[in-house]
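Examining the three-dimensional arrangement
This is what each chain is made of:
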Amino acid sequence: MIRFDILTLFPGMFESPFQSSLLQKAREKNLVEIHIHDIRAFAADKHRMADDYPYGGGGGMVMKVEPIAKALESIGPLESADGVLRVLLTPQGELFSQEKARELSRRRRLVLVCGHYEGVDERIREHLIDSEISIGDYVLTGGELAAMVVVDAVSRYIPGVLGNEESAASDSFSEGLLEYPQYTRPAVFGEWVVPEVLLSGNHARIERWRRKESLRRTLRRRPDLLARSRLSEEDKILLKEIEAEGKTVQSPESRVTSSQEEDGKAGLD
Ligand code: ADE
């Protein structure tokens, strides 16, 4: 069980994403609890101002410290509480990753503060936040979508959230490789056919093919991931085969954009 508290200026944005699919089921099973807090409700003045002009001038608005401090206070004494982490979503944070999602899933409670406007008063970072996370090197209009991404990726690691046959730990991404190509019925759609090996019923051959295509796809699209992953002796043999196929069929560069490669069918069997 994990509890998320999300502090936001736009609580309405969270209405549907957590009410569908796996996350809704996880909430019904009490595996995941999500509480949304409207920062504006904690603004002291009659206009409910949550932002203000920056000291020193310049454009844009800055999120005020007081409403966020009060919102945090309202959800309980968090500073020294075990297993609690207060996270600010900001493009200046540490880059989010599968590994980070796994790490956060070990917490009992995550408080996610969604940044907005040109930024937040630095005292929020200094005194109210334990960690800062960015979901990628691009700038969103606010931290809300980033918070949703974090809730989703972290929840997958909570036991019982995914079905029995699935587990976040065995995701091929967790293993450091991209997924192999998947197919479902029909076996023939016009001229587009499913690779013969998948219809063969030979499980050893199918496993080998899938591993090879996983390696092929990772090599082509994300060589950085391949360099970091732990490869077995069998993997190294498969990579040699892929390399050899690349030389006889086409140059590796031209195959990156080839639709044949995208379907994972190049140079097979
Ligand atoms: N707020 C705006 N852009 C963001 C990003 N890339 N990650 C997290 N929070 C953000």
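Refer to the preceding data block for the structure.
Described below are features of the structure shown in this document. Predicted, not measured: the structure shown is a model, and the values here were computed from it.

**Looking at the pairing of strand β5 (residues 84–95)**
- Across six bridges, β5 lies against strand β6 (residues 109–114) in parallel orientation. Bridge pairing in β6 places Leu85 opposite Leu110.
- The parallel pair β5 and β6 is bridged by helix α3 (residues 98–104), and the resulting crossover is right-handed.
- As defined by bridge partners, β5 adjoins strand β8 (residues 131–134) across five bridges and the pair is classed as parallel. Following the sheet pairing, Glu94 is matched in β8 by Ile133.

**Things to note about the nonpolar core**
- In this structure, Phe4, Leu112 and Val154 are the most contacted members of the largest nonpolar core, which totals 32 residues.
- When neighbours within four sequence positions are excluded, Leu112 is seen to be in contact with Phe4, Asp5, Ile6, Leu7, Val87, Leu89, Ala147, Val150 and Val151.
- Of all hydrophobic cores here, the second largest spans 18 residues; its members include Leu7, Ala50, Leu72 and Val120.

**A few points about the site of the ligand**
- Within the structure, the ligand sits among 13 residues, and Thr90, Ile135, Gly136, Tyr138 and Leu140 are positioned closest to it.
- At 2.8 Å from a nitrogen atom of the ligand is found a main-chain nitrogen or oxygen belonging to Tyr138.
- In isolation the ligand has 260 Å² of accessible area, and contact with the protein removes 97% of it.
- Sorting the residues of the shell around the ligand by element identifies β5 and β8 as the ones contributing at least two each.
- At three residues, the largest contribution of residues to the shell around the ligand is made by β5.
- When grouped by side-chain class, the residues that make up the shell around the ligand number eight nonpolar, five polar and no charged.

**Some details on the packing of aromatic side chains**
- Enumeration over the complete set of coordinates arrives at two aromatic pairs.
- The interplanar angle of 45 degrees and the centroid separation of 5.5 Å between the aromatic rings of Phe189 and Trp192 together place this pair among those described as tilted. Side by side, Phe189 and Trp192 carry an identical accessibility label, which is exposed.

**Digging into the sheet that holds strand β2 (residues 32–38)**
- The strand order β2-β1-β6-β5-β8 describes an open sheet built from five strands, whose pairing is parallel. Among the strands making up the open sheet, the edge pair consists of β2 and β8. Ignoring strand direction, the axes of neighbouring strands in this sheet form an average angle of 30 degrees.
- With five bridges connecting them, strand β1 (residues 2–8) and β6 associate as parallel partners. Each bridged residue has a counterpart across the sheet, and for Phe4 the counterpart in β6 is Leu110.

**Notes on the side chain of Ser214**
- When you line up the elements, Ser214 lands in helix α6 (residues 203–221).
- Overall, Ser214 belongs to the buried group, its relative accessible area being 4%.
- Those residues in contact with Ser214 that sit more than four places away from it in its chain are Leu177, Leu178, Glu179 and Tyr180.

Here is what the cut-offs are and how they apply
- Residues numbered from 1 in each chain as written.
- Predicted model: local features only at pLDDT ≥ 70, side-chain atom pairs only at ≥ 80, totals over all residues.
- Heavy atoms only, no water.
- Pairing = 2+ DSSP bridges.
- Helix = DSSP H or I, 4+ residues; strand = E, 2+ residues; numbered from the N terminus.
- Right-handed = clockwise from strand over helix to strand, strands pointing away.
- Core = buried A, V, L, I, M, F, W, Y, C linked by side-chain atoms within 4.5 Å.
- Buried < 20%, exposed > 50% of the residue type's maximum accessible area, 1.4 Å probe, protein only.
- Contact = heavy atoms within 4.5 Å.
- Near = heavy atom within 4 Å.
- Polar contact = N/O pair within 3.5 Å; in protein donor to acceptor, adjacent residues only side chain to side chain.
- Areas by Shrake-Rupley, 256 points an atom, 1.4 Å probe, with all protein chains shown as cover.
- Nonpolar A, V, L, I, M, F, W, Y, C, P; charged D, E, K, R; others polar.
- Phe/Tyr/Trp six-rings, centres within 6.5 Å; stacked < 30°, edge-to-face > 60°.
- Axes fitted to C-alpha atoms, helices over the stretch in contact; angles between N-to-C directions.

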